[in-house]
Amino acid sequence: MGSQMLRKPRVVCLHGFRTSAEILKKQVLRWPLTVLDKLDLVFLDAPFPAQGKSDVEAFFDPPYYEWFQANQNFTEYTNFEECLEYIENYMIKNGPFDGFLGFSQVGLICLNYLREENLRNSTLVLKMDLICIFFGDESQGAVLSAALPGMQRDGLALTRIPKIKFLILISGAKFGWSKFGHHKLSCKAFSTPLECPSLHITGEMDFMKPESTALLESFVDPFVINHPKGHTVPRLDERSTEVMLEFIERIKKTTATDDEQNRSA
């Protein structure tokens, strides 16, 4: 029983629009080992090759992928059901999994400490800790992850896998808010606050901050990490690491309880 109680929570990590699992992995693995050693992180590429230019190609090598497609106003979606089926099939084949990590990583990349005019006139030596702010109007990883527990609760998605036990949302948002219209499957995903444990990581300079803040109202007792940067996977300072570790301890109790119940059933 002891080994089961102490197992690491398994997490499916969903990258942003027209990026990749490898790109998200490079950023998340900058977190402290005290955090990374407590999670079993699995980074998944989206099912569809990028159907247009990736705004990260000057900084990260291809290939790039996208989870689904949308029109310019985000009122019509294509391949959304296929995306959900792809994620579910992966989790069945490679699971079990406990939760999701999702990041909204899109748009034009800017560099910390540099103004726009410097970008046009400078020769840049790129380092991972300089890539800090992402601008854009398209978001997938965190938006999709946020909606999954509600769609699963309503029997509309992920019906063949166990209940999602937690979410880690970086620069999150939700369908039906100001930037993203609803897909028919997500219409009731946030009809009542979700009791799924959640950790929300939000940047003070993030263009998605209003959406990320509004998303908190859709979860019961969410954990929150605020950082001073923009639309990015931030490094974790001492306080952020403490919050992350507190959240991990909470979800470890949830996964241990569920494991015990499953063995008793």
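Everything numeric in this text was worked out from a predicted model, so none of it was measured. (Residues numbered from 1 in each chain as written. Predicted model: local features only at pLDDT ≥ 70, side-chain atom pairs only at ≥ 80, totals over all residues. Heavy atoms only, no water.)

Enquirer: Explanation requested: helix H6 (residues 141–153) in the structure shown.
Expert: An α-helix turns once every 3.6 residues. As a result, residues three or four positions apart point the same way. The largest bend along H6 measures about 30 degrees and falls at alanine 147, with the proline proline 149 one to four residues further on. Taking burial as the measure, the 13 residues of H6 include 12 buried ones, the bulk of the element. Among the residues making up H6, those that are buried are Gly141, Ala142, Val143, Leu144, Ser145, Ala146, Ala147, Leu148, Pro149, Gly150, Met151 and Gln152. On the buried face of H6, the contacting elements are strand E1 (10–14), helix H4 (80–94), strand E7 (99–103), strand E10 (166–170) and helix H7 (209–215). Of the residues flanking the end of H6, it is glycine 155, one or two places downstream, whose phi is positive at about 75 degrees. (Bend = angle between axes of the 7 residues up to and from the residue. Helix = DSSP H or I, 4+ residues; strand = E, 2+ residues; numbered from the N terminus. Buried < 20%, exposed > 50% of the residue type's maximum accessible area, 1.4 Å probe, protein only. Contact = heavy atoms within 4.5 Å.)

Enquirer: How should unusual backbone geometry be read in this particular structure?
Expert: Among all residues save glycine, negative phi is the norm, and among peptide bonds the norm is trans. The omega torsion of the bond from proline 62 to proline 63 falls at 10 degrees, within 30 degrees of zero and hence cis. Within the element layout of this structure, proline 63 appears in the loop between strand E3 (48–49) and strand E4 (65–66). A cis amide bond links glycine 95 with the next residue in sequence, proline 96, at an omega value of 10 degrees. Non-glycine residue leucine 158 carries a positive phi angle of around 55 degrees.

Enquirer: It is not clear to me how the pairing of strand E12 (residues 223–227) should be interpreted in this structure. Could you clarify?
Expert: The side chains of a regular strand alternate, first on one face of the sheet and then on the other. Of the two faces of E12, the one holding Phe223, Ile225 and His227 is buried and the one holding Val224 and Asn226 is not buried anywhere. Note: strand E11 (residues 198–203) against E12, 5 bridges, orientation parallel. By the bridge assignment for E12, glycine 203 is matched with histidine 227. With H7 bridging E11 and the parallel E12, this β-α-β connection has right-handed handedness. (Pairing = 2+ DSSP bridges. Right-handed = clockwise from strand over helix to strand, strands pointing away.)

What is shown is where atoms sit, not what they do.
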